[in-house]
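Observations on chain architecture
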Amino acid sequence: MTRYGSFPGARPRRLRTTPAMRRMVAETRLHPADLILPAFVREGIDEPVEIGSMPGVFQHTRDSLKKAAAEAVEAGISGIMLFGVPLEEKKDGAGTVGTDPDGILQQGLRDVRAEVGDDLIVMSDLCLDEFTDHGHCGVLDEQGRVDNDATLERYAEMAQVQADAGAHVVGPSGMMDGQIGVIRDALDQIGREDVAILAYTAKYSSAFYGPFREAVGSSLKGDRKTYQQDPANIRESLRELALDLEEGADMVMVKPAGPYLDILARVADEVDVPVAAYQISGEYAMIEAAAQRGWIERDRAIMESLTGIKRAGANMILTYWATEVARRLG
């Protein structure tokens, strides 16, 4: 019997019929300009060293870092975030190599600026953990606790040195109270008003950082729960957000990205500054490991994970796949 009428009256599947139709009605689009590449430059190596827990990611020599930066420009991504890996014997309790103008991170910053100029936003991790012999993000007091205010003095010096080395943006990641205000003052005092601050506003104490600690040769003893945020908390992130904005943050970040999409969405709803999210080492490693075992489709999983981060509200995404994905999008 012929059936007429409106059953079913609504057919959303009409807008899913072909790739062209799905592309036309897509609500969220990734673009190469959304992406920022985290990169590691290591002192004392002659060839890039692949990171065992992050297949396809390398500790760069100064020369290979310049090549990676040039490739990033060609792919159309917006920025590169640099992390320095010093010789083990140069680490000390105060992380002094992190503020040495000739330290490996500062050398990397100068190299990349010389290579790409202003064609790529050169960002610098502003933290002591790569440079301390105890692996914490600050200096320790006599009881072995991270001394917040003493650490701020080190961050101020680090900001000035990184700005002088060519950073367009500094990224304070240590989660010290008051760090944004101190860094802003330190930059302004040396005439670096144009250097922007990307605040690691909501940086959680996460199990997903494991591969990163291999990447930077971390000497961490203990954990960072007294300064990184508790994964159980949301209001804490919003309080940190208000403080960072009041102190002068130009951009804010949520880290990690995937496990904290709810936090990312809340932050994005609250602010009128650009919002970044960092798809961290453990997120990268999980997809690569599962793909290597044939359990998931690698390329689809990468794109789906990044689309989810963008959909949740990120204007910028730090991801180790940045150059690869930008080429695919381009």
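Quick summary incoming for the structure in this document. (Residues numbered from 1 in each chain as written. Predicted model: local features only at pLDDT ≥ 70, side-chain atom pairs only at ≥ 80, totals over all residues. Heavy atoms only, no water.)

**Some words on the overall build of the protein chain**
- Each helix and strand in the protein chain was counted, giving 11 helices and 10 strands.
- Overall size of the protein chain, expressed as C-alpha extent along the three principal axes, is 85 × 45 × 40 Å.
- Summarising the internal contacts of the protein chain: among those between residues at least 6 apart in sequence, 74% fall at separations of at least 24.
- As displayed, the protein chain has an accessible area near 15,500 Å², and 48% of this comes from carbon and sulfur atoms.
- Each charge class in the protein chain was averaged separately, 36 positive and 53 negative side chains, and the resulting centres sit 12 Å apart. (Helix = DSSP H or I, 4+ residues; strand = E, 2+ residues; numbered from the N terminus. Contact = heavy atoms within 4.5 Å. Areas by Shrake-Rupley, 256 points an atom, 1.4 Å probe, with all protein chains shown as cover. Lys, Arg positive; Asp, Glu negative; His and termini not counted. Charge placed at Lys NZ, Arg CZ, Asp CG, Glu CD.)

**With respect to a nonpolar patch on the surface**
- Taken together, the side chains of Leu15, Met24 and Val25 make up a nonpolar region of the molecular surface, amounting to roughly 290 Å² of accessible area.
- With respect to the element layout, methionine 24 can be found in helix 1 (residues 19–25).
- Exposure remark for methionine 24: the relative accessible area of 60% places this residue in the exposed category. (Patch = residues over 30% accessible without salt bridge, like charges linked within 9 Å, V, L, I, M, F, W, Y side chains within 5 Å. Salt bridge = Lys/Arg side-chain N within 4 Å of Asp/Glu carboxyl O. Buried < 20%, exposed > 50% of the residue type's maximum accessible area, 1.4 Å probe, protein only.)

**Quick look at the packing of aromatic side chains**
- Scanning the entire structure with this criterion turns up six aromatic pairs.
- Seen in terms of ring centroids, phenylalanine 40 and tyrosine 320 are 6.1 Å apart; in terms of plane orientation they differ by 15°. Their pairing is stacked. Of this pair, phenylalanine 40 sits in strand 1 (residues 35–42) while tyrosine 320 sits in the loop between strand 10 (316–318) and helix 11 (322–329), and the two are 280 residues apart along the sequence.
- Relative to tyrosine 320, the ring of tyrosine 284 lies with its centre 5.8 Å away and its plane at 75°, an arrangement referred to as edge-to-face. Of this pair, tyrosine 284 sits in helix 9 (residues 281–292) while tyrosine 320 sits in the loop between strand 10 and helix 11, and the two are 36 residues apart along the sequence.
- Taking relative accessible area as the criterion, tyrosine 284 reaches 3% and is therefore assigned buried.
- Taking relative accessible area as the criterion, tyrosine 320 reaches 8% and is therefore assigned buried.
- Through a chain of ring-to-ring contacts, the aromatic side chains of Phe40, Phe83, Tyr278, Tyr284, Tyr320 and Trp321 assemble into a single cluster. (Phe/Tyr/Trp six-rings, centres within 6.5 Å; stacked < 30°, edge-to-face > 60°.)

These figures capture arrangement, not role.
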